[in-house]
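Inside the fold
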Amino acid sequence: MAKKSDDFVLRLAILIIIIVLLYFAIVEINHEQEALSNLRAEIYDVSVSRIGLTSADLILKLKFTNPTGYDTPSFVVKADVYINAIYVGQIVIPETKVYANSYSFQSSTLTVSYSEGIKALLQGSATVTLHGKL
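Worth saying up front: this structure is predicted, and the values here are computed from it rather than measured.

What counts, and at which threshold
- Residues numbered from 1 in each chain as written.
- Predicted model: local features only at pLDDT ≥ 70, side-chain atom pairs only at ≥ 80, totals over all residues.
- Heavy atoms only, no water.
- Pairing = 2+ DSSP bridges.
- Helix = DSSP H or I, 4+ residues; strand = E, 2+ residues; numbered from the N terminus.
- Axes fitted to C-alpha atoms, helices over the stretch in contact; angles between N-to-C directions.
- Contact = heavy atoms within 4.5 Å.
- Salt bridge = Lys/Arg side-chain N within 4 Å of Asp/Glu carboxyl O.
- Core = buried A, V, L, I, M, F, W, Y, C linked by side-chain atoms within 4.5 Å.
- Buried < 20%, exposed > 50% of the residue type's maximum accessible area, 1.4 Å probe, protein only.
- Phe/Tyr/Trp six-rings, centres within 6.5 Å; stacked < 30°, edge-to-face > 60°.

Overview of the sheet that holds strand β5 (residues 102-113)
- Pairing in this open sheet of 3 strands is antiparallel, and the strands run β1-β2-β5 from one edge to the other. This sheet does not close on itself; its edge strands, each paired only once, are β1 (40-51) and β5. In this sheet, neighbouring strand axes are inclined to one another by 20° on average, regardless of whether the strands run parallel or antiparallel.
- Packing of helix α2 (residues 114-121) onto the sheet brings it into contact with β1, β2 (55-66) and β5, and relative to β5 it is tilted by some 110°.

Take a look at the structure:
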């Protein structure tokens, strides 16, 4: 009879451990989700790295700010860049992580053809929009 009691206690202990681990995993996922939801990105700097006959390479430096008390999970950004609603290219930001209450800088190269860039800039003041996935 003692064997059944030992089995029950062991199974109960394993079940409690699993429940506790699941609880902490869910809490961590919620914290990461909150950090990603509040993550801010801004274009911090732009420089020219190459000038060619038909296009130029721009280095976009982005600043990611995490105002929450939780670290973000590692993430990659892939975004289309529009100037005044005209598509000018795509950027890819390598894997990064932003720690709680801090910021991180990442750079990416954007190749802009002169025809698209001039067309976008001739519309007056420039509004830069990024559409993509985090």
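A few points about the pattern of salt bridges
- Here the structure, examined in full by the defined rule, presents 1 salt bridge.
- Notably, a salt bridge pairs Asp57 with Arg50, separated by 3.0 Å at the nearest N-O pair.

Some thoughts on the nonpolar core
- In terms of nonpolar packing, the biggest core is built from 18 residues, with Phe64, Phe75, Val77, Val88, Ile91, Ile93 and Leu110 touching the most fellow members.
- Contributions of two or more residues to this core are made by β2, β3 (75-83), β4 (86-96) and β5.
- With 5 residues, β3 is the single largest residue contributor to this core.

Some points on the sheet that holds strand β6 (residues 128-133)
- Pairing is antiparallel across the open sheet formed by 3 strands, whose spatial order is β4-β3-β6. Each of the sheet's edge strands pairs with one partner strand only, and the pair in question is β4 and β6. With strand direction ignored, the average angle separating the axes of adjacent strands in the sheet is 25°.
- Bridge analysis of β3 against β4 gives 8 bridges, and the strand direction is antiparallel. Note that in β4 the partner of Ala79 across the bridge is Ile91.
- Contacting β3 and β4, α2 runs over the sheet at an angle of about 110° to β4.

Focus: the packing of aromatic side chains
- The full count for this structure, using the stated rule, is 5 aromatic pairs.
- Ring centres of Tyr82 and Tyr87 lie 5.6 Å apart, and the angle between their planes is 70°; this geometry places the pair in the edge-to-face category.
- Taking the relative accessible area as the measure of exposure, Tyr82 reaches 22% and is therefore partly exposed.
- Where Tyr103 meets Phe105, the ring centres are 5.6 Å apart and the plane angle is 75°; that geometry is what we call edge-to-face.

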